[in-house]
Amino acid sequence: MIPPAHAPAFLAANGWEGAAILPLAGDASFRRYFRVVQEGRTAVLMDAPPTHEDLGPFIAIAEHLGRLGLSSPQSYAVDREGGLLLLEDFGDRLVGPLLRAGETDQEAAIYRDAILLLARLGEQPVPEGLPSYDMAVMRREVGLFPEWYAPAVGLDLDRASWDQAWEAVLPRVASPKPPVLVLRDYHVDNIILLERSGLKRLGLLDFQDALAGHRAYDLVSLLQDARRDVSPALEAGMLEAYAAEAGIEDVEAFLADYEILGAQRNTKILGIFTRLWKRDGKQTYLPMQPRVWGYLERNLTHPALAPVAEWFDRNVPAELRAAFWTEFTA
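Notes on the structure follow. The structure presented is a predicted model; accordingly, all values stated were derived computationally and were not measured.

So, how was this worked out
Residues numbered from 1 in each chain as written. Predicted model: local features only at pLDDT ≥ 70, side-chain atom pairs only at ≥ 80, totals over all residues. Heavy atoms only, no water. Buried < 20%, exposed > 50% of the residue type's maximum accessible area, 1.4 Å probe, protein only. Helix = DSSP H or I, 4+ residues; strand = E, 2+ residues; numbered from the N terminus. Pairing = 2+ DSSP bridges. Axes fitted to C-alpha atoms, helices over the stretch in contact; angles between N-to-C directions. Contact = heavy atoms within 4.5 Å. Salt bridge = Lys/Arg side-chain N within 4 Å of Asp/Glu carboxyl O. Phe/Tyr/Trp six-rings, centres within 6.5 Å; stacked < 30°, edge-to-face > 60°. Lys NZ or Arg CZ within 6 Å of the ring centre and 35° of its normal.

Structural notes on the pairing of strand E2 (residues 32–38)
In summary, the side chains of a regular strand alternate between the two faces of the sheet.
Phase 1: Counting buried positions along E2 gives five out of seven residues, so the element sits mostly inside the fold.
Phase 2: Sheet topology places E2 next to strand E3 (residues 41–47); seven bridges connect them, and they run antiparallel. Directly across from Val37, in E3, lies its bridge partner Thr42.
Phase 3: Between E2 and E3, which pair antiparallel in sequence order, lie two residues; one of them, Glu39, sits at a positive phi of approximately 50 degrees.

Concerning the sheet that holds strand E5 (residues 84–87)
The pairing of strands in a sheet comes from backbone hydrogen bonds and takes either a parallel or an antiparallel form.
Phase 1: Pairing in this open sheet of five strands is antiparallel, and the strands run E1-E2-E3-E5-E4 from one edge to the other. Of all the strands in the sheet, just strand E1 (20–24) and strand E4 (75–79) have a single pairing partner and so form its edges. Adjacent strand axes in the sheet meet at a mean angle of 25 degrees when their direction is disregarded.
Phase 2: The strands that helix H2 (residues 55–67) touches are E3, E4 and E5; relative to E5, the one it contacts most, it runs at about 25 degrees.

Brief notes about the pattern of salt bridges
Phase 1: Following the criterion strictly, the structure yields 21 salt bridges and no others.
Phase 2: We note a salt bridge from Asp280 to Arg279, for which the minimum N-O separation is 2.9 Å.
Phase 3: Residue classification places Asp280 among the partly exposed residues on the basis of a relative accessible area of 29%.
Phase 4: Note on Arg279: relative accessible area 44%, which makes it partly exposed.
Phase 5: Where salt bridges share partners, they join Arg31, Glu53 and Asp206 into one cluster.

Some words on the packing of aromatic side chains
Phase 1: Evaluated as defined, the whole model comprises 19 aromatic pairs.
Phase 2: Seen in terms of ring centroids, Phe145 and Trp293 are 6.2 Å apart; in terms of plane orientation they differ by 85 degrees. Their pairing is edge-to-face. Taken together, the residues span a long stretch of sequence, with Phe145 in helix H6 (residues 144–153) and Trp293 in helix H11 (residues 289–299) at a distance of 148 residues.
Phase 3: The class of Trp293 is buried, set by a relative accessible area of 0%.
Phase 4: Each residue in the set Phe145, Tyr149, Trp162, Trp166, Trp277, Trp293, Trp311, Phe312, Phe324, Trp325 and Phe328 is aromatic and connected to the rest through ring pairs, giving one cluster.
Phase 5: Seen from the ring of Trp16, Arg41 lies directly overhead, with NZ or CZ sitting 3.7 Å from the centre.

Focus: the environment of Glu147
Phase 1: Residue placement: Glu147 occurs in helix H6.
Phase 2: When the C-alpha positions of Glu147 and Gly271 are compared, they lie 7.5 Å apart, and in sequence the two are 124 residues distant.

Focus on unusual backbone geometry
When glycine is set aside, most residues are seen to have a negative phi, and most peptide bonds are trans.
Phase 1: Cis peptide bonds are those with omega within 30 degrees of zero, and the linkage from Lys177 to Pro178 qualifies with -5 degrees.
Phase 2: Here Pro178 shows up in the loop between helix H7 (159–167) and strand E6 (180–182).
Phase 3: Within the chain, Ser175 stands out as a residue other than glycine whose phi angle is a positive 50 degrees.
Phase 4: Its location among the elements puts Ser175 in the loop between H7 and E6.
Phase 5: In this structure Ser175 comes out as partly exposed when scored by relative accessible area, which is 30%.
Phase 6: We note that Asp206 has phi near 55 degrees; this positive angle belongs to a residue other than glycine.
Phase 7: Taking the relative accessible area as the measure of exposure, Asp206 reaches 12% and is therefore buried.

Right, here's the structure in full:
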């Protein structure tokens, strides 16, 4: 991965002349990341092409999280026109890889802290001017399934009945009052363990798409993780812990909202991962599709999702669900 041509000049202008620029793992967006190394110090360079990405939301949300006493990367320098942002380096101890490498003795404690962090966020007003996670956004996101997933597996779907099914369930979770800050991609591959105390030990990444929405959404993102199996026992325990910590009065209604948001998010992910394959040539996400189907099928057993569950039963046969992706999971 080659850094952008204007990166050395940007670094030189900000006190990092001659620094080595080393590639870091990217994500599902157009953003790329590099570690900048010079004489015993390091930083992270984000390359966010302005034609596809806007650095403003990342900077704004990072500053907001910092004011709340949470760990978000400090910004050292920015070139908005060139799409470059120089950030504090949180290191390499991403929680996801640590757990996949077998360090599961920390799993419960890490998830517990991640739950407490969400409860703290839920106590705070959202940043002024933050867009709402409203029906328009939710419709667009679930629309990725008929737009990308369906044609990829050979389905010809009736969009009107699809829209009707979702219209029957989504209004209760869209634009809640009061809303909370929803990070939207909150999972263990976007959390870094830091040598800090309390909740500051969780370094937060990838929050530039944050919206003002329902407090259960980031719980779904964390506990129905497309990238790793979260046991039903751990999921149930963390939901119980969150409800107690956040003072949820009607737990049954909250869990119904959680399952609706789970179905919405998992349906969206099935479409996104298919788009990454078909449009962007990225196949690395396809082995995760069976796991996402597993979560979605669990979501659809909740009575609050009956209209959507009935639609899937009528229109998407089993061989075009998780089974379709077995060739990518070998």
